[in-house]
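One letter stands for each residue in the lines below.
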Amino acid sequence: MVNDLARLASTPLGKAVGITRDYVLRMYYIVDEVPRWQRLRLTPVLLGVEYLVYRVDSLAERNTSVDLDAERNSDYEAFHTYKKAFEKVLRALGAWNEDVAFLVDEAERFIRLENATTSRGTVTRQDALALVELRPTDVRLLRAMTFALRGRSMDPATRDLLWPVEVLADIANDLGHYEQDVALGTLNVYAAFVELFGDAAAAELRREVDRYESMFLDRLSALPPARRARVAQVCRRRYTAAVRPYPRMITQPPAPASPSRSAGTSPRKKAAIGAALAVGALAAAAYGRGQPRLLIVSPLLRKRRGHTS
């Protein structure tokens, strides 16, 4: 039973459930004060979209040593198919606006940067920080969608407040999975710092963590006192591991297994694409039956576009 749950948690669906629970239910809904009745209607949609995101992530993970732009293999074409299908699903949901469009482009930028970094085989400090700053794009996308689906504009101040929290949470996740990532040869910010700085890795990464946390605390101070304590509580819970003692360094990691390369699009991949799109379609249908008026959200009503880094 325990092994079955562990296997489920490692699947795209299991990962999507965990992300939706940890970020949407336990942070975004609270910070944004989303009414409970709206949470019930929004959550299935967001879960379906996050599952679709993880299907794209699986595609990228299969090509960690393949430069997709250079080789233009079947997964390069599948990536573009995913992106177009992803936009169609979001438009069908009524969850497409300028904020969402910007974040979809940011997600593409992350996937291409990750692929370029892993296929090159070297990671600089700038690469590592750029990746942890871009990697939370999927959860930022979920938050942007909640505003689009509710017919509301996103508050730039709260968006900027949460940006360093999302980065810190990503660093915390890498610290928690450090040994596992090293064993699997998966890109990990702490492992990158260990390779770059050796014994000084923890101090160097802590310096970056302190910078992100200071950014969060400065922006937190602008909130009304009545909200400040609650927001601080739910946000700090997401990145606690980033400010705790770091794991013992692994200086001689095992050689990672070579990623498999498949020629053409396999039936399994085609089935995964169909399943992902089916989830989105079913979520759209369920949401439409429950709250049709919220689906009619024109992108023209969303004038603000931007991002704070």
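Before reading further, recall that the structure is shown in the block above.
Below is a summary of the structure that appears in this document.

## Re the nonpolar core
Next, step 1: Counting 71 residues, the largest nonpolar core has Met27, Leu90, Met145, Ile171, Tyr190 and Cys235 as the members making the most contacts within it.
Next, step 2: With 10 residues, the top contributor of residues to this core is helix H9 (residues 156-176).
Next, step 3: The contacts of Tyr190, once residues within four sequence positions are left out, are Leu175, Tyr178, Ala201, Ala202, Leu205, Tyr246, Pro247 and Met249.

## A short note on the packing of helix H2 (residues 12-31) against helix H13 (residues 225-239)
Next, step 1: Look at H2 against H13: their axes get within 9 Å of each other, and the N-to-C directions meet at 165°. Looking at the two axes, H2 sits roughly antiparallel to H13. Here H2 runs over H13; the crossing is left-handed. In this structure, H2 contributes Asp22, Tyr23, Arg26, Met27, Ile30 and Val31 to the contact, and H13 contributes Arg227, Arg230, Val231, Val234, Cys235, Arg237 and Arg238.
Next, step 2: The residue makeup of the contact of H2 with H13, split by class, is 7 nonpolar, no polar and 6 charged.

## So, helix H8 (residues 137-150)
Next, step 1: The end-to-end C-alpha distance of H8 is 20 Å, a good match for the 20 Å that 14 residues give at a rise of 1.5 Å each.
Next, step 2: Among the 14 residues in H8, 14 count as buried, and that is most of the element.
Next, step 3: One or two steps after H8, the chain reaches Gly151, where phi turns positive at roughly 70°.

## A word on the packing of aromatic side chains
Next, step 1: Under the counting rule described, the total for this entry stands at 6 aromatic pairs.
Next, step 2: Residues Tyr190 and Tyr246 carry aromatic rings whose centres are separated by 5.6 Å and whose planes lie at 70° to one another, so their mutual orientation is edge-to-face. Residue Tyr190 is found in helix H11 (residues 189-197), and its partner Tyr246 is found in the loop between H13 and helix H14 (267-290); the two are separated by 56 residues along the sequence.
Next, step 3: You can call Tyr246 buried: its relative accessible area is 14%.
Next, step 4: An aromatic cluster of at least three residues, connected via ring pairs, comprises Tyr178, Tyr190 and Tyr246.
Next, step 5: When the ring centre of Tyr212 is taken as reference, the NZ or CZ atom of Arg211 above it lies at 4.5 Å.
Next, step 6: Lying across the ring of Tyr23, Arg238 places its NZ or CZ 5.0 Å from the centre.

Basis of the calculations
- Residues numbered from 1 in each chain as written.
- Predicted model: local features only at pLDDT ≥ 70, side-chain atom pairs only at ≥ 80, totals over all residues.
- Heavy atoms only, no water.
- Core = buried A, V, L, I, M, F, W, Y, C linked by side-chain atoms within 4.5 Å.
- Buried < 20%, exposed > 50% of the residue type's maximum accessible area, 1.4 Å probe, protein only.
- Helix = DSSP H or I, 4+ residues; strand = E, 2+ residues; numbered from the N terminus.
- Contact = heavy atoms within 4.5 Å.
- Axes fitted to C-alpha atoms, helices over the stretch in contact; angles between N-to-C directions.
- Parallel < 35°, antiparallel > 145°, perpendicular 65-115°, else oblique.
- Left-handed = near helix turned anticlockwise from the far one by under 90°.
- Nonpolar A, V, L, I, M, F, W, Y, C, P; charged D, E, K, R; others polar.
- Expected span 1.5 Å × (residues − 1).
- Phe/Tyr/Trp six-rings, centres within 6.5 Å; stacked < 30°, edge-to-face > 60°.
- Lys NZ or Arg CZ within 6 Å of the ring centre and 35° of its normal.

These values are about where atoms sit, not about what they do.
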